[in-house]
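Each chain, written out:
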Amino acid sequence: MKPFSLVLAGLLFAVAVPHARAAMPIHPALKIKTLSGSQFDLAAQRGKWVIINFWATWCHPCIKEMPALSAFVKSHADVRAIGLAFEDADPATLKAFLVKHPVSYPVARVNTSKPPADFDPPLGLPTTYLIAPDGKVAQKYVGPITLSDLRKAIGSSH
């Protein structure tokens, strides 16, 4: 190939192939305003397990797992959770949904075109990250999570 052809091929490749995201950091950060108006800061949760659950109101498996996540959080003093509504619904719609499907943890709305920088955008819903007390990602689940999954990952002695 001639030098010009190589440059042109390189430019076409750069345009055609989406840019790869950097790998998630070992200690991801998440600071987000919840639907109730308070601030959730993942770093402030150190020393506790944290469940970060991406979901949507239209996602039936998401809705099905919400009561189990809520019950697990309520029954484990060392576990926190945040629900990240990964959809373009307005806050009023999400609040109305949560009246019908209440949870024991805060919920925040996530812009689907700009998800939290330290987390990979969900490729399917629900997507759940389990953050260990040291702030590291202990587990990632794509698809519904069960109480058994949580007990196995965190331990049932809590």
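Here the structure is a predicted model, which means the values were calculated and not measured. (Residues numbered from 1 in each chain as written. Predicted model: local features only at pLDDT ≥ 70, side-chain atom pairs only at ≥ 80, totals over all residues. Heavy atoms only, no water.)

### Quick notes on helix H3 (residues 91–100)
To keep it simple, the criterion reads: Three labels apply to residues, based on accessible area from a 1.4 Å probe with only protein chains included: buried if under 20% of the type maximum, exposed if over 50%, partly exposed otherwise in between. Counting from the N terminus, the helices are the DSSP runs of H or I reaching at least four residues and the strands are the DSSP runs of E reaching at least two. Our arc is simply the arc of the directions from the helix axis toward the C-beta atoms. Residue contacts are defined here by distance: any two heavy atoms, one from each residue, within 4.5 Å place the two residues in contact. N or O atoms within 3.5 Å of each other form a polar contact, as long as, within protein, one can give a hydrogen and the other can take it, and as long as residues adjacent in sequence are counted only when both atoms are side-chain atoms.
Taken together, the buried positions of H3 are Leu94, Phe97 and Leu98. Each buried residue of H3 lies within a common arc of 100 degrees when the element is viewed along its axis, so the set occupies one face. Opposite the buried face of H3, at more than 90 degrees from it, the exposed residues are Ala92, Val99 and Lys100. Buried residues along H3 sit against strand S3 (49–55), helix H2 (60–74), strand S4 (79–86) and strand S5 (107–110). Its side-chain oxygen placed 3.0 Å from the backbone nitrogen of alanine 92, aspartate 90 serves as the N-cap of H3.

### Remarks on the pairing of S3
Cut-off, in case you're wondering: Here is how to tell: hold the view so the strands point away, follow the path from the first strand over the helix to the second, and if it runs clockwise the crossover is right-handed. Pairing between strands requires that DSSP locate at least two bridges from one strand to the other.
Extensive coverage of S3 is indicated by the burial of 7 of its 7 residues. Every second residue of S3 is oriented toward a common face, with Trp49, Ile51, Asn53 and Trp55 on one face and Val50, Ile52 and Phe54 on the other, all of them buried. Assessed by its sense of winding, the connection that carries the chain from S3 through H2 to S4 is right-handed. The sheet contact formed by S3 and strand S6 (residues 127–131) spans 5 bridges and is antiparallel. By the bridge assignment for S6, asparagine 53 is matched with threonine 128.

### A closer look at the nonpolar core
Side chains that are nonpolar tend, in soluble globular proteins, to be buried together. Using the following cut-off: Each nonpolar core is a collection of buried residues, namely Ala, Val, Leu, Ile, Met, Phe, Trp, Tyr and Cys, held together in the definition by side-chain atoms within 4.5 Å.
Counting 43 residues, the largest nonpolar core has Leu30, Ile51, Ile52, Trp55 and Leu84 as its most contacted members. Of all elements in the fold, only S3, H2, S4, H3, S5, S6 and helix H4 (147–154) reach the threshold of two or more residues within this core.

### Regarding the sheet that holds strand S7 (residues 137–142)
The cut-off we apply is this: To get an axis, fit a line to the C-alpha atoms, keeping to the stretch in contact for a helix; angles then go from 0 to 180 degrees between the N-to-C directions.
Ordered in space as S5-S4-S3-S6-S7, the 5 strands form an open sheet in which the pairing is mixed. Each edge of the open sheet is held by one strand with a lone partner, namely S5 and S7. Shown here is a sheet whose adjacent strand axes are inclined to one another by a mean of 20 degrees, direction ignored. Against the sheet, H2 engages S3, S4 and S6, with an angle of about 165 degrees to S3.

### Regarding the packing of aromatic side chains
Which entries qualify depends on this criterion: Here the aromatic set is Phe, Tyr and Trp, taking the six-membered ring for Trp, and pairing holds for ring centres within 6.5 Å; pairs whose planes are under 30 degrees apart are stacked, those over 60 apart are edge-to-face, and all others are tilted.
As enumerated under the stated definition, the model contains 5 aromatic pairs in all. Ring geometry for phenylalanine 54 and phenylalanine 86: centres 6.0 Å apart, planes at 80 degrees, overall edge-to-face. Here phenylalanine 86 lies in strand S4 and phenylalanine 54 lies in strand S3, a separation of 32 residues in the sequence. In this pair, the class of phenylalanine 54 matches that of phenylalanine 86, namely buried.

### Details of the state of the cysteines
So the rule is basically this: Disulfide: a pair of cysteine sulfur atoms within 2.5 Å of each other.
Counted by the stated rule, this structure contains 1 disulfide. Linked covalently through their sulfurs, cysteine 59 and cysteine 62 form a disulfide whose S-S length is 2.3 Å. Residues cysteine 59 and cysteine 62 are joined through a disulfide that is right-handed, its torsion about the S-S bond being 80 degrees. Here cysteine 59 matches cysteine 62 in class, with each residue buried.

### Quick word on the confidence of the model for the protein chain
Test applied: Per-residue confidence from the predictor is given as pLDDT, running between 0 and 100.
Mean pLDDT over the protein chain stands at 88; residues scoring 70 or higher make up 84%. Of the regions scoring below 50 in pLDDT, residues 1–20 engages in 1 contact with residues more than four places distant in sequence or in other chains.

### Quick word on the side chain of threonine 127
Relative to the helices and strands, threonine 127 is located in strand S6. Of the polar contacts made by the side chain of threonine 127, one reaches the backbone oxygen of glycine 124; its length is 2.5 Å. Contact partners of threonine 127, with chain neighbours within four places excluded, come to Ile52, Asn53, Phe54, Pro122, Lys140, Tyr141 and Val142.

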